[in-house]
Amino acid sequence: MELGLVLDGSRPPSELLELARAAERHRLAMVVVDSGDLDPWTLAVWLAGSTDTIPVVVPAEPDVEPVSTDPATPYPQVVAHAARSADTLAPGRLTRTEPFWVRAEAGTSAAALRDLAGPEGTVVVEVADPEEVARLARELGLDERPATRRSPAVRARRRPGIDYDGVPASLAERAVEPGDPGYQAVSSTYLRGGAPGLVLRPRTPEEVADALAFASRHRHLPLGVRSAGHGISGRSTNRGGLVVDVGAMDEVTVLDRASRLVRVGPGATWKKVARTIGPRGWAITSGDYGGVGVGGLATAGGIGLLSREQGLTIDRVRAVELVLADGQQVRASATENPDLFWAVRGAGASFGVATAFEIEAGPVSRAVGFAQLVLVVDDIADALVTFGEVASAAPRDTTVFLVTGRPQGGRSVVQLFGVVDSDDGEVVVERLNPFVRLGLLAQQDVRLLPYADAIGWAPDVGPEGHHGFGEPVSRSAFVDAVTPALARDAADLLRSGAVHFFQLRTMGGAIADVDPQATAFAHRHAAFNVAAMGSSHDALRPGWERVRQHADGLYLSFETDTDPARLADAFPPDTLARLRELKRRYDPEQLLRDNFAIDPATPVAAQETLS
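What comes next concerns the included structure. Being a predicted model, the structure only gives us computed values, none of them experimental. Every chain is numbered on its own, with residues counted from 1 as its sequence reads. Only residues with pLDDT of 70 or above have their local features reported here, since the model is predicted, and side-chain atom pairs are shown and tallied only from 80 upward, although totals for entire chains, interfaces and linings are computed over all residues. With hydrogens and water set aside, each side-chain value is computed from the structure's full complement of heavy atoms.

**Re empty space enclosed by the protein**
Inclusion rule: Using protein atoms alone on a 1 Å grid, points that fit a 1.4 Å probe yet trap it form a cavity, whereas open point sets bounded by protein on both sides within 12 Å along at least five of seven lines form a pocket; residues with an atom within 4 Å of a point count as lining. Grid points are joined across faces, edges and corners, and a volume is the space filled by probe spheres set on the points. Amino acid classes used here: Ala, Val, Leu, Ile, Met, Phe, Trp, Tyr, Cys and Pro are nonpolar; Asp, Glu, Lys and Arg are charged; the rest, including Gly, are polar.
A complete count under the given rule lists three cavities of 30 Å³ or more for this structure. When its volume is computed, the largest cavity comes out at roughly 50 Å³. Together, Ala-300, Gly-346, Ala-520, Phe-521, Ala-522, His-523, Leu-554, Tyr-555, Leu-556, Ala-570 and Phe-571 line the largest cavity. Its residues assigned to classes, the lining of the largest cavity shows nine nonpolar, two polar and no charged.

Right under this line is the structure:
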């Protein structure tokens, strides 16, 4: 049984605190804050802040329809925000929940309390003084209990449909439930607010297999796989489902100096990779932000600041170690499971959980030119065309990205950032000068620094985790050139206010050297990746569709539209047909389906009719 105290809110706060501390000392399950002179939630927050471990519970009030003219009516969004704030102050200890206990009268004997609770139940009782708390704890044997067991208040926050007691022993100690102190740190990602029912955190391939076996028994639930949680699509979290977080698998090891072969765990961030191999004069092309995890990017593509010189990240991958949906551990390379190796490089999220990559680093200058330029332009359409011409004509050692947003006062602010792989300052200036043609240069920051520093400005994600909220809205496409027509429609989209972030990522160069059939990422023709982010799919859609008429394809990492037709945009027909065939072989029951699901049963022709 479990015993909790009911704290009568009409009693003096000092007495309530003394009782709460006695309950904590004697390992009671919780204290329940009853109504009284103080608002129960205010009292609960104070008690949680004045104790160390005891869960503090406020019985949930019935849901009511908010009335804007009634200041006493709680708004659900405000209540939810208050709960998150309180959880930050006392992680996992403040609970607002429906009663899950039996309430006993004050003065009830220990034997009667045991009968009321039963062997697995919870009973709460009002107690007058700390000595009575000590007596009940002694008679019920509560003082001898291990302190590691989850309290009933924590268990009350479990989500339906999850066999929490069936979590494999290898994962149970590190698993995080909604009521656990560390839950807030693992529930959301960089851009998306989440509320998963359970987060499993394996540290080895064997534990990943255990996690997937558990997930296979819960196919009715969403399943997210997370490396570092930065992904724009936000698909590495969910609501009410499972998350397999491989962030602890973050080793970076040099395997062979002669070939620059590096073994990288999926949970490592690219800033860690760059920091580890940078002193050798090596770099692995990645994105533009060092806080991104290796796992998601190295299975989707990887369009970054060295891509025109080194190719996509997937072009540098020489082998991948995976746990398949059935728990089998396999290695994929050009000579081992080559069909799987082909699929993983561009559609990896559908075929397994990567546990290690072997990647060939490329040589890089000891210092590179890292540029951040801010320009003010009167005609954003003209500036986009100019950028397209200059960026495409630049040598391969130069990769520059453009970011802009809604014009203000008839003018647009354009931010350019990029890398010139040269430690010669004159060469760096020569490469960057043509970009100044876009408009009035308002700010510049050009430095010679190690590549690791160029992407290393991303802050480390500490134990508090990410705190994204809402649902990200992002669309993406590939274009062969920034034509005047494309620029005009992009300018209209920006003026509409539906977009707060618009980006052109320069491609070409070494990316285009690879045969489109060599990897599941087939969009090798593109000169630019276009991405647009807003706050509403409905608001973004009209203007984006006009932009898309000049484009094709899409980049998985920047796409949040879940319409099944997007799959035919992501993969050309021949590529998609091959992926479906491989899906039938490696994951026929579609366990891995929550990140651009490839339905093995849907013919390509039927899919294309949805576009």
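**Re the side chain of Asp-489**
Heads up, the condition is: Only DSSP runs of H or I covering at least 4 residues are called helices, and only runs of E covering at least 2 are called strands; the numbering of each starts at the N terminus. When accessible area is computed with a 1.4 Å probe and restricted to protein chains, residues below 20% of their type maximum are described as buried, those above 50% as exposed, and intermediate ones as partly exposed. Identification of polar contacts relies on pairs of N or O atoms within 3.5 Å, with a donor-acceptor requirement for protein atoms, meaning one able to donate a hydrogen and the other able to accept it, and with residues adjacent in sequence counted only if both atoms are side-chain atoms. Residues are treated as being in contact if the distance between any of their heavy atoms lies within 4.5 Å.
Looking at the secondary structure, you find Asp-489 in helix 17 (residues 484–495). Taking the relative accessible area as the measure of exposure, Asp-489 reaches 6% and is therefore buried. A polar contact is formed between the side chain of Asp-489 and the side chain of His-550, at a distance of 2.6 Å. Filtering out sequence-adjacent residues up to four positions away, Asp-489 remains in contact with Arg-546, Val-547, Gln-549 and His-550.

**With respect to the sheet that holds strand 10 (residues 252–256)**
Quick reminder of the rule: Strands qualify as paired when DSSP identifies two bridges or more between them. Angles here are taken between N-to-C directions and fall from 0 to 180 degrees, while the axes themselves are lines fitted to C-alpha atoms, restricted in helices to the stretch in contact.
Here five strands make up an open sheet; going across it, the order is 10-11-15-13-14 and the pairing antiparallel. Both outer strands of the open sheet, strand 10 and strand 14 (329–333), are each paired with one neighbouring strand and no more. Neighbour to neighbour, the strand axes of the sheet diverge by 20 degrees on average, direction disregarded. Bridge count between strand 13 (residues 317–323) and strand 15 (residues 353–360): six bridges; the pairing is antiparallel. Across the sheet, the residue bridging to Val-320 is Phe-357, located in strand 15. Lying on the sheet, helix 13 (residues 338–347) is in contact with strand 13 and strand 14; it crosses strand 13 at an angle near 95 degrees.

**Notes on the sheet that holds strand 5 (residues 102–104)**
Strands sit in the order 4-3-2-1-6-5 across an open sheet of six strands; the sheet is parallel. The sheet is open, and its two borders are formed by strand 4 (94–97) and strand 5, each paired with just one other strand. Averaged over all adjacent pairs, the angle separating strand axes in this sheet is 30 degrees, with direction ignored. Direction of pairing for strand 2 (residues 30–36) relative to strand 3 (residues 56–59): parallel, over a ladder of two bridges. Among the inter-strand pairings, Val-32 is bridged to a residue of strand 3, identified as Val-57. Where helix 1 (residues 13–25) meets the sheet, it contacts strand 1 (2–9) and strand 2, and its direction lies at approximately 175 degrees from that of strand 1.

**A closer look at helix 19 (residues 537–548)**
Keep this limit in mind: To estimate how far a helix should reach, multiply one less than its number of residues by 1.5 Å. Directions are taken from the helix axis to each C-beta atom, and the arc is the one they span.
Taking 1.5 Å per residue, twelve residues should reach 16 Å; helix 19 reaches only 14 Å between its end C-alpha atoms and comes up short. Of the positions making up helix 19, those classed as buried are Leu-540, Gly-543, Trp-544, Val-547 and Arg-548. Buried residues in helix 19, looked at end-on, bunch into an arc of 145 degrees, giving them a common side. Between the side-chain oxygen of the N-cap and the backbone nitrogen of Asp-538 there are 3.3 Å, and the N-cap of helix 19 in question is Ser-536.

**Thoughts on helix 1**
With 13 residues, helix 1 ought to run about 18 Å at 1.5 Å a step, and its terminal C-alpha atoms sit 18 Å apart, in line with that. Buried residues belonging to helix 1 abut strand 1, strand 2, helix 2 (40–50) and helix 5 (130–140). Immediately beyond the C-terminal end of helix 1, within one or two residues, lies Arg-27, with a positive phi of roughly 60 degrees.

**Describing the pattern of salt bridges**
We apply this condition: A side-chain nitrogen of Lys or Arg and a carboxyl oxygen of Asp or Glu constitute a salt bridge if their distance falls within 4 Å.
The tally for this structure, following the rule as stated, stands at 40 salt bridges. Here Arg-155 ties to Glu-2 by a salt bridge, and the two come within 4.0 Å at their closest N and O atoms. Here the residue Arg-155 occupies a position in helix 6 (residues 152–155), and Glu-2 occupies one in strand 1, the gap between them amounting to 153 residues. Judged by its relative accessible area of 7%, Glu-2 falls in the buried class. Among the salt bridges present, the one from Glu-336 reaches Arg-331, with a minimum N-O distance of 2.8 Å. Of the residues examined, Glu-336 reaches a relative accessible area of 32% and is grouped as partly exposed. Under the relative-accessibility criterion, Arg-331 is labelled partly exposed at 28%. The network of salt bridges with shared partners includes Arg-475, Glu-545, Arg-548, Glu-559, Asp-561, Arg-566 and Asp-569.

**A closer look at the environment of Trp-282**
Structurally, the position occupied by Trp-282 is in strand 12 (residues 282–283). As for Trp-282 and Ala-577, which are separated by 295 residues in sequence, their C-alpha atoms are 37 Å apart. Setting aside anything within four residues of it in sequence, one finds Trp-282 in contact with Val-254, Asp-256, Arg-257, Arg-260, Val-262, Ile-277, Ala-361, Gly-362 and Val-364. In terms of polar contacts, Trp-282 uses its side chain to reach the backbone carbonyl oxygen of Arg-280, at 3.5 Å.

**Overview of the packing of aromatic side chains**
The relative placement of two aromatic rings is captured by the distance of their centres and the angle of their planes. How we decide: Note on ring pairs: Phe, Tyr and Trp rings are taken, using the six-membered ring of Trp, and paired if centres are within 6.5 Å. Classes follow the plane angle, with under 30 degrees stacked, over 60 edge-to-face and the rest tilted. Distance and angle both matter: a charge sits over a ring if NZ of Lys or CZ of Arg is within 6 Å of the ring centre and within 35 degrees of the ring normal.
A full pass over the atoms with the stated rule returns ten aromatic pairs. A ring pair is formed by Phe-387 and Phe-435, whose centres lie 6.0 Å apart and whose planes are at 50 degrees; its orientation type is tilted. Pair noted here: Phe-387 is in helix 14 (residues 380–393) and Phe-435 is in the loop between helix 15 (425–432) and strand 20 (440–449), with a separation of 48 residues, a long-range link. Among the aromatic residues, those joined into a cluster by ring pairs are Phe-478, Phe-521, Tyr-555 and Phe-558. It is Arg-280 that lies over the ring of Trp-282; its NZ or CZ is 5.5 Å from the centre. Note that Arg-578 overlies the ring of Trp-342, its terminal NZ or CZ placed 3.9 Å from the centroid.

**Details of the pairing of strand 18 (residues 398–404)**
Along strand 18, seven of the seven residues are buried, which leaves the element largely enclosed by surrounding structure. The alternating pattern of strand 18 places Thr-398, Val-400, Leu-402 and Thr-404 and Thr-399, Phe-401 and Val-403 on opposite faces, both of which are buried. As paired elements, strand 18 and strand 19 (residues 412–420) share seven bridges and run antiparallel to each other. Residue Leu-402 lies in a different strand from strand 19, and its bridge partner there is Leu-416. Where strand 18 and strand 22 (residues 501–506) come together, four bridges link them in antiparallel fashion. Residue pairing across strands places Thr-404 opposite Phe-502, the latter belonging to strand 22.

**Focus: the nonpolar core**
How we decide: Side-chain atoms within 4.5 Å link the members of a nonpolar core, which is a set of buried Ala, Val, Leu, Ile, Met, Phe, Trp, Tyr and Cys residues.
Among the nonpolar cores identified, the biggest contains 60 residues, and Trp-270, Val-273, Leu-340, Phe-351, Phe-571 and Leu-579 are the most heavily contacted of them. It is helix 13 that provides the largest number of residues to this core, a total of six residues.

Treat this as a map of the structure, not an account of what it does.
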